Amino acid sequence: PAPLSLVHYAPKNPPADVDSKKAFPFRNAHFIASPAKATSLLGWTCERDLDTILRESYESFQTRGEGSKEKSFSSDQVLLAAA
């Protein structure tokens with residue numbers, strides 16, 4: 001594999017030609033998910049383990065053909081060029 005390089009940038013000033021509503025990591029709101037509230041208020045418990053959930057998600061991803069679809073990294077290129 002090609003060497004990996006880390007690029008640092010100022011997330012408060014994304015390039016003007018990047019749609020901040022779609023481009024990671026420029027989100028207009030925090031994205032945090034936790035089952036804590038469902039557990040405490042509803043008594044919910046997870047019936048499957050994480051390995052099973054991840055395997056099933058990956059299999060579904062592949063079954064839908066997502067793994068072979070053409071990917072666009074155009075926003076990434078814009079962000080890296082502006083860093």
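The rules behind each value
- Residues numbered from 1 in each chain as written.
- Predicted model: local features only at pLDDT ≥ 70, side-chain atom pairs only at ≥ 80, totals over all residues.
- Heavy atoms only, no water.
- Helix = DSSP H or I, 4+ residues; strand = E, 2+ residues; numbered from the N terminus.
- Buried < 20%, exposed > 50% of the residue type's maximum accessible area, 1.4 Å probe, protein only.
- Areas by Shrake-Rupley, 256 points an atom, 1.4 Å probe, with all protein chains shown as cover.
- Salt bridge = Lys/Arg side-chain N within 4 Å of Asp/Glu carboxyl O.
- Patch = residues over 30% accessible without salt bridge, like charges linked within 9 Å, V, L, I, M, F, W, Y side chains within 5 Å.
- Expected span 1.5 Å × (residues − 1).
- Polar contact = N/O pair within 3.5 Å; in protein donor to acceptor, adjacent residues only side chain to side chain.

A. Up close: the overall build of the protein chain. Along its length, the protein chain carries 3 helices and 0 strands. Scored against the burial criterion, the 83 residues of the protein chain give a buried share of 7%. Per element, the accessible surface of the protein chain, about 7700 Å² overall, is 58% carbon and sulfur.

B. Region of interest: the pattern of salt bridges. Applying the stated criterion to the full structure yields 3 salt bridges. Where Glu56 meets Arg48, a salt bridge forms, and the shortest distance between an N and an O atom there is 2.0 Å. When its relative accessible area of 32% is taken as the criterion, Glu56 is described as partly exposed. Using a relative accessible area of 43% as the deciding quantity, one classes Arg48 as partly exposed.

C. Local environment of a nonpolar patch on the surface. Residues Leu41, Leu42 and Trp44 make up a contiguous nonpolar surface patch of about 380 Å² in total accessible area. Positionally, Leu42 belongs in helix H1 (residues 36-42).

D. Up close: helix H2 (residues 50-63). The end-to-end C-alpha distance of H2 is 20 Å, a good match for the 20 Å that 14 residues give at a rise of 1.5 Å each. Taking the backbone nitrogen of Asp51 as reference, a side-chain oxygen 3.2 Å away marks Asp49 as the first, capping residue of H2. Immediately beyond the C-terminal end of H2, within one or two residues, lies Gly65, with a positive phi of roughly 85°.

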